Amino acid sequence: MIETTIFSLLNGLVYGLLLFMLSSGLTLIFSMMGVLNFAHASFYMLGAYFAYEMSIHIGFWPALILAPIAVGFAGAALERYGLRNVHKYGHVAELVFTFGIAFLIEEVVQFIWGKDQQPYNAPPLLDFPLFTLFNVDFPAYKAFMLFVSIAIFIALLVVLTKTRVGLIIQAAITHPHMVGMLGHNVPLVFMATFGVGTALAGIAGVIAAPVLGTYPGMAFDLGSIIFVVVVFGGLGSLAGAFVASLMIGIVQTFAVSFNIGMPDLLALLGLEFGADHFLVDLWTISLPQIGPLIPYLMLIIMLIFRPLGLFGSREV
Amino acid sequence: MSIKKTTLTFAAASFAASLMATSAMAADTIKIAFIDPLSGPFASTGSNGLREWKFAVEDLVNSRGGLLGGKKIEVIAFDNKISPKETLIQLKNAIGQGIQYVAQGNSSGVANALTSAIKKHNKRNPDKRVIHLNYAAVDPALTNAKCSYWHFRFDANVDMKMNAITDTIAGRKDIKKVYIIGQDYSFGKAVSAAAVKFLKEKRPDIQIVGNELHPIGKVKDFTPYVTKIKAAGANAIITGNWGGDMLNLAKAATSVGLDSSFFTYYAAGAGITAALGPVAKDKVFNVGEGHANPTVTKTWDDYQSRFKAKHPKKDVTYGRVPYTVRMFAKAVTKAGSAKPIDVARALEGMELTTMAGDKVKMRAEDHQLIMPIQVSVHTDDRIKFDYDNSGWGLRTISSTPAESNALPTTCKMERPKG
């Protein structure tokens, strides 16, 4: 029991921080530009594929740095030459535009790398168990993921709260027009934010892909959950995204780890149903089975009782 | 203006030409609609199937002069994205194109939907009947409670394969605790039920320490699951996982240092073998029609070599596709017609010797192929045909004869009159 709890907590933390790396970029972009970037997870995928391709030629470590930069430039270019032109037609056009880009990126990735999962693995340097507790190994690579995510989180926090650039970004989030009036180049700030936001997704892709796999469906698989995170945490709130990421990461991992199910609940109530009951699937359902649904359930409950999200200040 | 005009004329001409080409082709080809996932999380499993179908058809039938005096088989791909709903749309699409044979295999959920749709269609349109050639969907129900005259299964079903797996487990006295994990749908449930049933019969002393299902294609990090398996102290794991679900399960297992034996249905090829690598040596077992190594016969060895020559980066992952194609071709030849009603009649009870020398028979009672089943182990020892160009592959360790795999069936199928 203790070992399951400790490992669930660690794994939940790794997964939660990964979600944060993705949702922080998404929420930054949303709060600044008012655009829900449907292609955000596609940049996560691009990061993974770029890093895989680069790691073949120059090794894992240079790829870790270069792939997110490449993704960031791709994102900035998309904003500069695509989104900026679409912007004048309003938010719906922007939404549809990013939606289309998501499909386009998936097709391009399939065209270049094919549909098979790519053998992108953790570097040999990190391919050892960091420690063994109760006979279960904790891989060094997971610790590395944890470390990178925390470093990024701190860097983001420092940049946003302690630097001049951060001040302008914060101001642009709430009062974009005022910032423009003050003589700041708002389009440039937008482009930079979009670039940084997508680069964050790129980093997430680079470090997560060896664990979660590098395949064309990876963007789609993670795409919906990061929207849950940003809406649950409150649109445009970084703190909200952080808390929501960790909550969802940990809740989901714990749900898988504990075999509590309807039979136990019913036993508490002193009820029992036969195996031939017509609702047998419902009476035998267990927590691990519905684990992946829990975040969506949390989202619905949140939207009913607090449509702003945890720390949000804007209506969805 | 003139450029536009030429392009237009050219487009019109080529359109007309292509129309003529298709109608000309339609006259002398037997079309098979290949309906399987070609995009999404199981795209790689589906596209391997398509590649192997196309190769087998070309290599074993078309290049040898075709059927019925020169008719070629044409495999036309339809992407169902592993969704039953999409499958029925694609089936309509295929029927609209006049196709009367459907090859499908990935996901028993899809197979159940497909075969019942075909049953209905055939009842309403006796002149445009369709046959379902199932090459991989192994839910026992398809040849038992839900059997259909228009469905033929060329793969051993879950129970037959579990029979072979548990034979191997029965001989391994070191196995005391077994964990069963699978995908949450008809197939995963069938694997779990079969494992519990056969283990109780053959090794009542074995304790089943876990039996759980996870959502199909949704779990990316299996670490929480394998942590639980490890905590349960299991020394053998039985899983029917396939595609990405198998790959990710194996990856997570190696990352936490799980050193139990894995008894699997589909832990080979499509990137899985390469991902398993040295850590899984002699620990991962795979059940199926086997014979990747040793190749047993020269014919089978040559066939795999020809496939590798054409697709150096890909592997023969479905050993049953070539004999499915051969049996289909044999049935068309025997019937002397490409009409489904005649072909179905010819397929019933048909016997064939596979290229690897196994004798297989399509049981008329339930349309289940009765075949020998092999258990193979993941190794790099004496591997001629490896997977994923990794140097690692499967080597047959035991074989159960066809007779002992002929499990009884409850099928009572409705046969067409006349």
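Residues numbered from 1 in each chain as written. Chains lettered and ligands numbered in written order. Predicted model: local features only at pLDDT ≥ 70, side-chain atom pairs only at ≥ 80, totals over all residues. Heavy atoms only, no water.

**Q** Looking at this structure, I do not really get the overall build of chain B. What am I missing?
**A** Tallying secondary structure elements over chain B gives 13 helices and 15 strands in all. A globule of 418 residues ought to have a C-alpha radius of gyration of about 22 Å, and chain B, at 22 Å, matches this closely. Expressed as lengths along the three principal axes of its C-alpha atoms, the size of chain B is roughly 75 × 55 × 40 Å. When the 418 residues of chain B are sorted by exposure, 60% land in the buried category. Pairs at least 24 residues apart make up 72% of the contacts formed inside chain B by residues separated by at least 6 positions. By element, 58% of the accessible surface of chain B is carried by carbon and sulfur atoms, the whole surface being about 16100 Å². Both charge centroids of chain B, one from 57 positive and one from 38 negative side chains, sit 5 Å from each other. (Helix = DSSP H or I, 4+ residues; strand = E, 2+ residues; numbered from the N terminus. Rg over C-alpha atoms; globule rule 2.2 N^0.38 Å. Buried < 20%, exposed > 50% of the residue type's maximum accessible area, 1.4 Å probe, protein only. Contact = heavy atoms within 4.5 Å. Areas by Shrake-Rupley, 256 points an atom, 1.4 Å probe, with all protein chains shown as cover. Lys, Arg positive; Asp, Glu negative; His and termini not counted. Charge placed at Lys NZ, Arg CZ, Asp CG, Glu CD.)

**Q** Whenever I open this one, the interface of chain B and chain A confuses me. Can you help?
**A** Interfaces are often sized by the amount of accessible area the parts lose when they come together. Of the residues lining the interface, 27 residues belong to chain B; the matching set on chain A comes to 28 residues. Overall, the association of chain B and chain A removes approximately 2500 Å² of surface from exposure, summing both partners, and the carbon and sulfur fraction of that is 53%. When the area that chain B buries against chain A is broken down by residue, the three leading residues are Lys 220, Lys 228 and Lys 251 of chain B, summing to 20%. Put simply, chain B and chain A have one salt bridge between them. (Buried area = accessible area lost by both parts, 1.4 Å probe. Salt bridge = Lys/Arg side-chain N within 4 Å of Asp/Glu carboxyl O.)

**Q** Help me understand empty space enclosed by the protein, please; the structure alone is not making it clear to me.
**A** The rolling of a water-molecule-sized probe over the atoms marks out the regions of remaining empty space. Enumeration over the complete set of coordinates arrives at eight cavities of 30 Å³ or more. Of the volumes computed, that of the largest cavity is approximately 520 Å³. Forming the boundary of the largest cavity are 39 residues, of which Tyr 265, Tyr 266, Ala 268, Thr 317 and Arg 320 of chain B lie nearest the centre. Mapped by element, the contributors of at least two residues to the lining of the largest cavity are α2 (43-60), β10 (284-288), α10 (298-310) and β14 (373-379) of chain B. With three residues, β10 of chain B is the largest single contributor of residues to the lining of the largest cavity. Counting contributing residues, the lining of the largest cavity receives three or more from each of domain 1 (30-156 + 309-370) and domain 2 (159-294 + 372-405) of chain B. The volume enclosed by the second largest cavity comes to roughly 170 Å³. What lines the second largest cavity is a set of 20 residues, and nearest its centre among them are Gln 117 of chain A together with Pro 41, Ser 44, Gly 243 and Gly 244 of chain B. (1 Å grid on protein atoms, 1.4 Å probe; cavity = no way out; pocket = protein on both sides within 12 Å on 5 of 7 lines; lining within 4 Å. Points joined across faces, edges and corners; volume = space filled by probe spheres on them. Domains from an automatic or database assignment.)

**Q** How should I be thinking about the domain arrangement of chain B in this particular structure?
**A** Residues and elements named next belong to chain B. Partitioning chain B into structural domains gives domain 1 (30-156 + 309-370) and domain 2 (159-294 + 372-405). Distance between the C-alpha centres of domain 1 and domain 2: 26 Å. Facing the 32 residues of domain 1 at the interface are 27 residues of domain 2. Buried surface at the junction of domain 1 and domain 2, both sides included, amounts to about 2100 Å², of which 60% is carbon and sulfur. Per-residue buried area on domain 1 facing domain 2 is highest for Phe 42, Ala 156 and Asp 315; these three make up 25% of the total on that side.

**Q** Is there a simple way to explain the side chain of Gln 374 of chain B in this structure?
**A** Residues and elements named next belong to chain B. Relative to the elements of secondary structure, Gln 374 occurs in strand β14. According to the relative accessible area criterion, Gln 374 is buried, its value standing at 1%. At a separation of 3.3 Å, a polar atom in the side chain of Gln 374 contacts the side chain of His 291. Excluding anything up to four places from it in sequence, Gln 374 contacts Asn 286, Val 287, Gly 288, Glu 289, Gly 290, His 291, Asp 358, Thr 396, Ser 398 and Ser 399. (Polar contact = N/O pair within 3.5 Å; in protein donor to acceptor, adjacent residues only side chain to side chain.)

**Q** Is there a simple way to explain unusual backbone geometry in this structure?
**A** Note: most residues except glycine have negative phi, and most peptide bonds are trans. Residues and elements named next belong to chain B. The omega torsion of the bond from Asn 293 to Pro 294 falls at -15°, within 30 degrees of zero and hence cis. Among the secondary structure elements, Pro 294 is positioned in the loop between β10 and α10. At Val 296, a residue that is not glycine, the phi angle is positive and equals roughly 65°. A positive phi angle, near 55°, is found at Asp 388, a position not held by glycine. Within the secondary structure, Asp 388 sits in the loop between β14 and β15 (393-400).

**Q** Whenever I open this one, the pairing of strand β8 (residues 236-239) of chain B confuses me. Can you help?
**A** Working note: regular strand, side chains alternate between the two faces of the sheet. Residue and element names in this part refer to chain B. Covered by surrounding structure in β8 are Ala 236 and Ile 238 together with Ile 237 and Thr 239, the residues of both alternating faces. Where strand β6 (residues 177-183) meets β8, four bridges bridge the pair, whose relative direction is parallel. Within the sheet, the bridge partner assigned to Val 178 lies in β8 and is Ala 236. Two strands pair when backbone bridges link them, and β8 and strand β9 (residues 261-264) are joined in this way by four bridges, in the parallel orientation. Within β9, the position partnered with Ala 236 by the bridge is Ser 261. Once you follow β8 into helix α8 (residues 244-255) and on to β9, the crossover reads as right-handed. (Pairing = 2+ DSSP bridges. Right-handed = clockwise from strand over helix to strand, strands pointing away.)

**Q** How do you make sense of the pattern of salt bridges when you look at a structure like this?
**A** Where charged atoms of side chains with opposite charge meet at close range, the side chains can pair. Residue and element names in this part refer to chain B. Tallied over the entire structure, the rule returns 19 salt bridges over all chains. With a closest N to O distance of 3.1 Å, Glu 212 and Lys 228 form a salt bridge. Here Glu 212, found in strand β7 (residues 207-214), pairs with Lys 228, found in helix α7 (residues 223-231); they are 16 residues apart in sequence, far enough to count as distant. Just as Glu 212 is buried, Lys 228 falls in that class too. The salt bridge involving Lys 281 is made with Asp 380; its shortest N-O contact spans 3.1 Å.

**Q** I keep staring at helix α14 (residues 294-305) of chain A and nothing clicks. Help me out?
**A** Since there are 3.6 residues in each turn of an α-helix, residues three or four apart along the chain are aligned in direction. Residue and element names in this part refer to chain A. Counted at 1.5 Å a residue, the expected span for α14 with its 12 residues is 16 Å, and the 17 Å between its end C-alpha atoms agrees. Listing the buried residues of α14 in full gives Ile 294, Pro 295, Met 298, Leu 299 and Met 302. Across the axial projection of α14, the buried residues extend over an arc of 145°, all falling on one side. Residues of α14 that are exposed and angled more than 90 degrees away from the buried face: Leu 297 and Ile 304. Structurally, α14 contributes buried residues whose contacts are with α9 (218-233), α10 (238-257) and α13 (287-290). (Expected span 1.5 Å × (residues − 1). Arc of directions from axis to C-beta.)

**Q** How do you make sense of the side chain of Thr 295 of chain B when you look at a structure like this?
**A** Residues and elements named next belong to chain B. Within the fold, Thr 295 resides in the loop between β10 and α10. Taking relative accessible area as the criterion, Thr 295 reaches 12% and is therefore assigned buried. Looking at Thr 295, its side chain comes within polar contact range of the side chain of Asp 301, at 2.9 Å. For Thr 295, the contacting residues outside a window of four places in its chain are Trp 300, Asp 301, Gln 304, Ala 356 and Phe 385.

**Q** Explain the sheet that holds strand β12 (residues 359-362) of chain B here, please?
**A** Residue and element names in this part refer to chain B. Read across the sheet, three strands follow the order β11-β12-β13 without closing on themselves; strand pairing throughout is antiparallel. With partners counted over all chains shown, the strands left at the sheet margins are β11 (351-353) and β13 (369-370), one partner each. The pairing of β12 with β13 spans two bridges and is classified as antiparallel. Across the sheet, Met 362 pairs through a bridge with Leu 369, a residue of β13.

**Q** It is not clear to me how the packing of aromatic side chains should be interpreted in this structure. Could you clarify?
**A** What describes a pair of aromatic rings is the distance from one ring centre to the other and the angle between the planes of the rings. All names here are of chain B. Counted according to the given criterion, the structure contains 30 aromatic pairs over all chains. Both rings, one in Tyr 149 and one in Trp 150, keep their centres 5.0 Å apart while their planes meet at 90°; by these two values the pair is edge-to-face. The pair formed by Tyr 149 and Trp 150 is uniform in burial state, with each residue classed as buried. Judged by centre distance (6.1 Å) and plane angle (50°), the rings of Phe 187 and Tyr 266 are tilted. Taken together, the residues Phe 187 in helix α6 (residues 186-202) and Tyr 266 in the loop between β9 and α9 (272-276) connect sequence positions 79 residues apart. (Phe/Tyr/Trp six-rings, centres within 6.5 Å; stacked < 30°, edge-to-face > 60°.)

**Q** Is there a simple way to explain helix α1 (residues 2-33) of chain A in this structure?
**A** Residues and elements named next belong to chain A. In a regular helix each residue adds 1.5 Å, so 32 residues correspond to 46 Å; α1 covers 45 Å between its end C-alpha atoms and thus fits that length. Of all 32 residues that make up α1, 27 are buried, and the element is covered over most of its length. With its phi angle positive at about 70°, Gly 34 sits one or two positions after the end of α1.

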